[in-house]
Amino acid sequence: MKKILVYSLMLLLSQSVAFAQNYDESKVPRYVLPDVLKTAGGKVIRNEDKWEKLRRPEVLKLFENNIYGRMPTDYDSIRYSLTQDDVPEMNGKATLKQVAVTVFRNRQSVQINVVLFVPTQARKPVPVFLLINNRGKENTDPTRVKKSEFWPAEMVIDSGFAIAAFQVSDLAPDNKDTYASGVLQKLYPEQLKMDNGMKAIGAWAWGASRVMDYFETDRDIDSKKVIVVGHSRGGKTSLWAAAEDQRFAACITNCSGNTGAALSRRQFGERISRINATFPHWFNNTYKKYNDKENALPVDQHMLIALIAPRPVYATNASKDLWADPKGTFLAMKAAEPVYALYGVRPELPSAQPGINMPSIGAHFGYHNREGEHNMTVYDWGNFVRFAKKFTSDK
């Protein structure tokens, strides 16, 4: 009995050490980031052609196998049906479309429900922000009875952009016990048997690509200017979606933190061990091997951002959200710059992290650290629009 108690105490202590989160910069360990421009065979990449042909596929596979899971691309068919079309809203400033995107495979199907507002006065086709909504459906209320700053459709419409959203629960419930009940069990059950099979975040990113399939058929939407947006776990997903699917013109990742835009090796705020214990359904099984072993990972998150090059990326943080490591997010953006340089993109971010509410917005990189809590607000969206105007305006 005494041995059992001692063992249990040791286990609890080891877990508490693993889950202890650091908010002290002086306690950030020394670390060396993997060289994003050096292949596994030691070859240094010096131009965009070699990056595209050699290193980028290698890095993408490392993320698939070790973190996010392999992204399936096959399905039997896909169908789009408009449940509402060209309904005037916002005092005539926008029209509403509600679209059911249904994907079929092996006599099973899943349906992704898309809410889309298109500005009426803008010259068509228009760029669109696509939100991967990890919060309640009331945040993207198509009736506009409920208005949420998490998805300020009116403001975005007034800026000349379309705005769309889909719910992550349409693909995989955000629950460790039921996450597989959607796209995984119905369409890709083989993924559940693979250590590098996708789980919830992979399923959500897969869903974003199916919405992109629809945008390519909608004459009101400029499918070459689709900006994928996500907050928190949705921000992890927007990065992964943009890395996997190069049709997305740009990526916005808001307060995405660990296994999002923040560097894992800093071990600041949330760590891999904590995220895997709390949300075991987000990432593939292999990722659990790196609990408290961040330095053993063959990648870090600067390499995920680099996979999106040369397309624009905007990352954010909030001043009271140390859990998501604001400094580590900025440093990841900076560490991705060498890949953008291969495409002739000069550094657009300052050498040091900008102050609170002092956004840095270039044509390829944007970053801000907003005053406040872990959230997505009108302030954030205002900067997203400013950013998007830099690369969507006709020249």
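Residues numbered from 1 in each chain as written. Predicted model: local features only at pLDDT ≥ 70, side-chain atom pairs only at ≥ 80, totals over all residues. Heavy atoms only, no water.

**Comments concerning the overall build of the protein chain**
Next, step 1: Of the regular secondary structure elements, the protein chain holds ten helices and ten strands.
Next, step 2: Taken over C-alpha atoms, the radius of gyration comes to 21 Å for the protein chain, in line with the 21 Å a tight globule of 395 residues would show.
Next, step 3: Structurally, the protein chain occupies a C-alpha span of about 70 × 50 × 40 Å along its principal axes.
Next, step 4: Per-residue burial for the protein chain yields a buried fraction of 56% across its 395 residues.
Next, step 5: Taking the contacts inside the protein chain whose residues are at least 6 apart along the sequence as the reference set, 70% of them involve residues at least 24 apart.
Next, step 6: Total accessible area on the protein chain stands at roughly 16,700 Å², and carbon and sulfur atoms take up 51% of it.
Next, step 7: Each charge class in the protein chain can be summarised by its mean position, and for the 53 positive and 42 negative side chains these summaries are 4 Å apart. (Helix = DSSP H or I, 4+ residues; strand = E, 2+ residues; numbered from the N terminus. Rg over C-alpha atoms; globule rule 2.2 N^0.38 Å. Buried < 20%, exposed > 50% of the residue type's maximum accessible area, 1.4 Å probe, protein only. Contact = heavy atoms within 4.5 Å. Areas by Shrake-Rupley, 256 points an atom, 1.4 Å probe, with all protein chains shown as cover. Lys, Arg positive; Asp, Glu negative; His and termini not counted. Charge placed at Lys NZ, Arg CZ, Asp CG, Glu CD.)

**Structural notes on the environment of Pro-72**
Next, step 1: Among the structural elements, Pro-72 can be located in the loop between α2 (48–68) and β1 (77–89).
Next, step 2: Residue class for Pro-72 comes out buried when judged on its relative accessible area of 8%.
Next, step 3: Residues contacting Pro-72, with those up to four places away along its chain left out, are Tyr-188, Gln-191, Met-198 and Trp-206.

**Considerations on the state of the cysteines**
Next, step 1: As enumerated under the stated definition, the model contains zero disulfides in all.
Next, step 2: Lacking any disulfide linkage, Cys-251 is separated from the closest cysteine sulfur, that of Cys-255, by 14 Å.
Next, step 3: With a relative accessible area of 0%, Cys-251 lands in the buried category.
Next, step 4: Under the relative-accessibility criterion, Cys-255 is labelled buried at 1%. (Disulfide = S-S within 2.5 Å.)

**Describing unusual backbone geometry**
Glycine aside, residues mostly have negative phi angles, and peptide bonds mostly take the trans form.
Next, step 1: In this model, Lys-124 is joined to Pro-125 through a cis peptide bond whose omega is -5°.
Next, step 2: Within the fold, Pro-125 resides in the loop between β3 (108–119) and β4 (126–133).
Next, step 3: A cis amide bond, omega 0°, links Ala-309 with the succeeding residue Pro-310.
Next, step 4: Tracing the sequence through the fold places Pro-310 in the loop between α8 (301–306) and β8 (313–318).

**What about the packing of aromatic side chains?**
Next, step 1: The final tally for this structure, using the stated rule, is 19 aromatic pairs.
Next, step 2: For the ring pair Tyr-68 and Trp-240, a centre distance of 4.6 Å and an interplane angle of 20° mean the geometry is stacked. On the criterion of sequence distance, the pair formed by Tyr-68 in helix α2 and Trp-240 in helix α6 (residues 233–244) is long-range, its members being 172 residues apart.
Next, step 3: In this structure Tyr-68 comes out as buried when scored by relative accessible area, which is 0%.
Next, step 4: Classification of Trp-240 as buried rests on a relative accessible area of 0%.
Next, step 5: With a centroid separation of 5.6 Å and an interplanar angle of 75°, the aromatic rings of Phe-129 and Trp-381 are classed as edge-to-face. In this pair, Phe-129 sits in strand β4 while Trp-381 sits in helix α10 (residues 378–392), placing the two residues 252 residues apart along the sequence. There is no split in this pair, since Phe-129 and Trp-381 are both buried.
Next, step 6: Aromatic ring contacts, followed pair by pair, group Phe-63, Tyr-68, Trp-240, Phe-279, Trp-282, Phe-283 and Tyr-287 into a single cluster.
Next, step 7: Over the ring of Trp-206 we find Arg-210; its NZ or CZ atom is 5.2 Å from the centre of that ring. (Phe/Tyr/Trp six-rings, centres within 6.5 Å; stacked < 30°, edge-to-face > 60°. Lys NZ or Arg CZ within 6 Å of the ring centre and 35° of its normal.)

**Considerations on the side chain of Arg-265**
Next, step 1: Mapped onto the elements of the fold, Arg-265 is located in the loop between β7 (250–254) and α7 (272–278).
Next, step 2: A polar contact of 2.9 Å, which involves the side chain of Arg-265, links it to the backbone oxygen of Val-299.
Next, step 3: Beyond its immediate chain neighbours, meaning those up to four positions away, Arg-265 contacts Pro-29, Tyr-31, Val-32, Leu-33, Pro-34, Glu-294, Asn-295, Leu-297, Val-299 and Asp-300. (Polar contact = N/O pair within 3.5 Å; in protein donor to acceptor, adjacent residues only side chain to side chain.)

**Notes on the pairing of β3**
Next, step 1: Note: strand β2 (residues 94–105) against β3, twelve bridges, orientation antiparallel. Among the inter-strand pairings, Val-99 is bridged to a residue of β3, identified as Val-114.
Next, step 2: Once β2 ends, the chain turns through two residues before running back antiparallel as β3, passing Asn-106 with a positive phi of about 50°.
Next, step 3: Relative to strand β5 (residues 162–167), β3 runs antiparallel, the two sharing four bridges. The partner of Leu-116 across the bridge, within β5, is Ala-164. (Pairing = 2+ DSSP bridges.)

**Regarding the nonpolar core**
Soluble globular proteins tend to bury their nonpolar side chains together.
Next, step 1: Core analysis: the biggest nonpolar cluster contains 88 residues, and Trp-51, Phe-63, Trp-206 and Phe-215 have the highest contact counts within it.
Next, step 2: With near-sequence residues (within four places) excluded, Trp-206 lies in contact with Met-71, Pro-72, Val-103, Val-110, Leu-171, Val-183, Leu-187, Tyr-188 and Met-198.
Next, step 3: Formed by 27 residues, the second largest nonpolar core is a distinct cluster that contains Phe-129, Leu-131, Ala-165 and Ile-227. (Core = buried A, V, L, I, M, F, W, Y, C linked by side-chain atoms within 4.5 Å.)

**What to know about the pattern of salt bridges**
Next, step 1: All chains considered together, the criterion is met by 23 salt bridges.
Next, step 2: Between Arg-105 and Asp-74 there is a salt bridge whose closest N-O contact spans 2.9 Å. With Arg-105 in strand β2 and Asp-74 in the loop between α2 and β1, the pair connects residues that are 31 residues apart, well separated along the chain.
Next, step 3: Of the charged contacts, one joins Asp-218 and Lys-97 as a salt bridge, the two residues approaching to 3.0 Å between their closest N and O atoms. Of the two residues, Asp-218 is situated in the loop between α5 (200–215) and β6 (221–231) and Lys-97 in strand β2; the sequence distance between them amounts to 121 residues. Considered together, Asp-218 and Lys-97 belong to a single accessibility category, that of buried residues.
Next, step 4: A network of salt bridges, in which partner residues are shared, links Arg-210, Asp-213, Glu-216, Asp-245 and Arg-247. (Salt bridge = Lys/Arg side-chain N within 4 Å of Asp/Glu carboxyl O.)

**Digging into the side chain of Asn-254**
Next, step 1: Along the chain, the position of Asn-254 falls in strand β7.
Next, step 2: Side chain to side chain, Asn-254 and His-231 meet in a polar contact 2.9 Å long.
Next, step 3: Of note is the side chain of Asn-254, whose polar atom sits 2.6 Å from the side chain of Thr-316.
Next, step 4: Setting aside its immediate chain neighbours within four residues, Asn-254 contacts Gly-230, His-231, Ser-232, Gly-235, Thr-316, Asn-375, Met-376, Asp-380 and Phe-384.

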